[in-house]
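Remarks on the overall topology
Residues per chain are reported as follows:
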Amino acid sequence: MLNRVQLRFLSLADNVGLARIAVAQLAGQARFTLSDIEEIKVAVSEAVSNAVIHGYQGRADGWIQVDVTLDEAGIEILVEDWGVGIADIQKAREPGHSADPERMGLGFVFMESFMHGLEVESALGEGTRVHMRRFVTWSGELSRDVQ
Ligand SMILES: Nc1ncnc2c1ncn2[C@@H]1O[C@H](COP(=O)(O)OP(=O)(O)OP(=O)(O)O)[C@@H](O)[C@H]1O
Ligand SMILES: [Mg+2]
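Report follows, based on the coordinates. Computed from a predicted structure; not experimentally measured. (Residues numbered from 1 in each chain as written. Chains lettered and ligands numbered in written order. Predicted model: local features only at pLDDT ≥ 70, side-chain atom pairs only at ≥ 80, totals over all residues. Heavy atoms only, no water.)

The next subject is the site of ligand 1. Not every one of the 19 residues close to ligand 1 is listed here, only the nearest: N50, H54, S98, A99 and L106. In this structure, G55 approaches ligand 1 through a main-chain N or O atom, which is 3.4 Å from a nitrogen atom. One of the backbone nitrogen or oxygen atoms of F108 is found 3.0 Å away from an oxygen atom of ligand 1. For ligand 1, whose unbound accessible area comes to 600 Å², protein coverage reaches 91%. With respect to the pocket detection grid, ligand 1 is positioned in the largest pocket. Listed by contribution, the elements that provide at least two residues to the shell around ligand 1 are helix 2 (34–55) and helix 4 (107–114). The leading source of residues in the shell around ligand 1 is helix 2, at five residues. Across the shell around ligand 1, the residue classes break down as seven nonpolar, nine polar and three charged. (Near = heavy atom within 4 Å. Polar contact = N/O pair within 3.5 Å; in protein donor to acceptor, adjacent residues only side chain to side chain. Areas by Shrake-Rupley, 256 points an atom, 1.4 Å probe, with all protein chains shown as cover. 1 Å grid on protein atoms, 1.4 Å probe; cavity = no way out; pocket = protein on both sides within 12 Å on 5 of 7 lines; lining within 4 Å. Sits in = over half its atoms within 2 Å of the grid points. Helix = DSSP H or I, 4+ residues; strand = E, 2+ residues; numbered from the N terminus. Nonpolar A, V, L, I, M, F, W, Y, C, P; charged D, E, K, R; others polar.)

Structural data, given as structure tokens:
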């Protein structure tokens with residue numbers, strides 16, 4: 001294992017950017033290209049935004065945990081909240097399905113298309129766990145210094 005990081009923060013919209021930057025920085029330690037990292041950032045933003053908006057429904061006193069494991073094969077990201085939970089996960093994952101008519105209902109679709117695996121576990125009144133992984137597919141030289 002190369003690295004492992006856990007972040008735990010309150011359900012504030014401002015913390016979405018924090019999680020996104022932290023995961024991007026970690027992904028930069030593996031052999032991901034910049035465009036891979038852009039996609040990983042979108043997937044993390046979508047999962048954390050869902051925890052803030054839907055999981056805690058705007059309440060700012062809920063905990064969100066992001067657990068990132070990095071190894072030679074790629075990155076695994078677990079985004080967890082202890083909010084309201086999802087009644088029907090299959091339906092929630094359908095393109096265009098949203099609890100809010102103002103929203104696109106595309107968050108899970110982005111997570112699914114940008115990552116190589118997406119698993120969602122949830123229980124009403126208990127919370128939601130979104131588990132994503134992405135494998136390193138690039139084997140050439142990276143033309144940048146990874147910090
Ligand atoms: N962490 C969560 N807790 C509770 N419900 C959730 C959670 N994540 C997703 N959901 C439910 O799943 C639905 C679909 O999520 P998805 O991210 O695909 O779309 P959206 O958030 O409604 O819209 P968009 O992401 O395009 O702004 C949400 O509308 C919500 O009902
Ligand atoms: Mg969403």
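Another point: the nonpolar core. In this structure, I40, V66, I75, I77 and M132 are the most contacted members of the largest nonpolar core, which totals 34 residues. Only helix 1 (14–27), helix 2, strand 2 (63–71), strand 3 (74–81), helix 4, strand 4 (117–123) and strand 5 (127–135) provide two or more residues apiece to this core. Residues in contact with V66, not counting those within four places in the same chain, are V5, Q6, L7, F9, A19, V23, V48, I77, L78 and V79. (Core = buried A, V, L, I, M, F, W, Y, C linked by side-chain atoms within 4.5 Å. Buried < 20%, exposed > 50% of the residue type's maximum accessible area, 1.4 Å probe, protein only. Contact = heavy atoms within 4.5 Å.)

Spatially, the five strands line up as an open sheet ordered 1-2-3-5-4, and their pairing is antiparallel. The outermost strands of the open sheet, each flanked by one partner alone, are strand 1 (3–10) and strand 4. Across the sheet, the axes of successive neighbouring strands diverge by a mean angle of 10°, strand direction being ignored. Two strands pair when backbone bridges link them, and strand 2 and strand 3 are joined in this way by eight bridges, in the antiparallel orientation. Within the sheet, the bridge partner assigned to Q65 lies in strand 3 and is E80. (Pairing = 2+ DSSP bridges. Axes fitted to C-alpha atoms, helices over the stretch in contact; angles between N-to-C directions.)

On to the layout of surface pockets. Think of a ball as big as a water molecule: rolled over the atoms, this probe shows where empty space is left. In this structure, the largest pocket occupies an estimated 680 Å³ of space. Looking at the largest pocket, it is lined by 34 residues, and the ones nearest its centre are N50, H54, A92, A99 and F108. Breaking the lining of the largest pocket down by element, the ones donating at least two residues are helix 2, strand 3, helix 3 (89–92), helix 4 and strand 5. Looking at which element gives the most residues to the lining of the largest pocket, the answer is helix 2, with eight residues. Partitioning the lining of the largest pocket into residue classes produces 16 nonpolar, eleven polar and seven charged. (Points joined across faces, edges and corners; volume = space filled by probe spheres on them.)

Attention now goes to the pairing of strand 3. Where a strand is regular, its side chains alternate between the two sheet faces. Where burial is concerned, most of strand 3 is hidden: seven out of the eight residues are buried. In sequence, strand 2 turns back onto strand 3 through a hairpin of two residues.

Bringing the packing of helix 1 against helix 2 into the picture now. Where helix 1 meets helix 2, the axes come as close as 9 Å, and the angle between the chain directions of the two elements is 150°. Considered as vectors, helix 1 and helix 2 are oriented roughly antiparallel to each other. For the pair helix 1 and helix 2, the sense of crossing is right-handed. Seen from helix 1, the contacting residues are V16, A19, R20, V23, A24 and A27; seen from helix 2, they are I37, I40, K41, V42, V44, S45, V48, S49 and V52. Considering only residue class, the contact of helix 1 with helix 2 consists of eleven nonpolar, two polar and two charged. (Parallel < 35°, antiparallel > 145°, perpendicular 65-115°, else oblique. Left-handed = near helix turned anticlockwise from the far one by under 90°.)

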